[in-house]
Amino acid sequence: MLSRAILPPVPARDRYHPHVVDALIRDGWTITHDPLTVRIGTKDVFVDLGAERFLGAEKAGRKIAVEVKSFIGPSETRELEVTLGQFVLYGDALARTQPDRTLYVAVRRQVYDEVFEEPMGKMLLDNGRLRLIVFDPDQREVFRWIP
């Protein structure tokens, strides 16, 4: 009888995952992990993407982790709560295991306009609670990095 290794379940990819991959590549990034697995003790968390931008032969590259969020649920507030919780958890896990990697949340431009230009979203950005990559899903391009 053959035995199979039991692997932890990997969460389903976000609807806009391929759009963000394309946008990051167009912006000069190399996708290094899809997903990026981060282990804390016996638990794993799965950040959607790990990427690196090489700055030159003699300089260290810049590394990022990206969590893609669609905000397509019935409540933008609930989506924001989940996003912030993931950002805190993943950010703390990365700080312990890969301190050279900066975490970002990727959102569509429409989500930025409808959620992060509103007082609640602005408050989170003003207080430095989230870092965003705002992308255009049609053009598959990065529109803005915050901060």
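Residues numbered from 1 in each chain as written. Predicted model: local features only at pLDDT ≥ 70, side-chain atom pairs only at ≥ 80, totals over all residues. Heavy atoms only, no water.

One finds V107, Y112, F116 and L132 to be the most contacted residues of the largest nonpolar core, which totals 24 residues. Only strand 2 (36-40), strand 3 (43-47), helix 2 (76-97), strand 6 (101-108), helix 3 (109-116), helix 4 (119-126) and strand 7 (132-136) provide two or more residues apiece to this core. Every residue in contact with F116, bar those within four places of it in the chain, is listed here: F71, L80, V107, V111, G121, K122, L125, L130 and L132. Counting residues in hydrophobic clusters, the runner-up holds 16 residues, among them Y16, V20, L49 and F135. (Core = buried A, V, L, I, M, F, W, Y, C linked by side-chain atoms within 4.5 Å. Buried < 20%, exposed > 50% of the residue type's maximum accessible area, 1.4 Å probe, protein only. Helix = DSSP H or I, 4+ residues; strand = E, 2+ residues; numbered from the N terminus. Contact = heavy atoms within 4.5 Å.)

Our next topic: the pairing of strand 5 (residues 62-68). In terms of residue burial, strand 5 counts as a mostly covered element, since five of its seven residues are buried. Between the parallel pair strand 5 and strand 6, the chain is carried across by helix 2, and the sense of this crossover is right-handed. (Right-handed = clockwise from strand over helix to strand, strands pointing away.)

Okay, the layout of surface pockets next. Empty space among the atoms becomes visible once a probe the size of a water molecule is rolled across them. Taken as a whole, the largest pocket encloses approximately 180 Å³ of empty space. Considering the residues around the largest pocket, the lining is formed by 15 residues, among which P11, A12, R13, D48 and E67 are closest to the centre. When residues of the lining of the largest pocket are traced back to their parent elements, those giving at least two are strand 5 and helix 2. Partitioning the lining of the largest pocket into residue classes produces seven nonpolar, two polar and six charged. (1 Å grid on protein atoms, 1.4 Å probe; cavity = no way out; pocket = protein on both sides within 12 Å on 5 of 7 lines; lining within 4 Å. Points joined across faces, edges and corners; volume = space filled by probe spheres on them. Nonpolar A, V, L, I, M, F, W, Y, C, P; charged D, E, K, R; others polar.)

Here helix 2 is 22 residues long and its end C-alpha atoms lie 31 Å apart, about the 32 Å a rise of 1.5 Å per residue gives. Listed as buried for helix 2 are L80, T83, Q86, F87, Y90, A93 and L94. Projection of helix 2 onto a plane perpendicular to its axis shows the buried side chains occupying an angular sector of 165°, all on one side. Among the exposed residues of helix 2, those oriented more than 90 degrees off its buried face are D92, A95 and R96. (Expected span 1.5 Å × (residues − 1). Arc of directions from axis to C-beta.)

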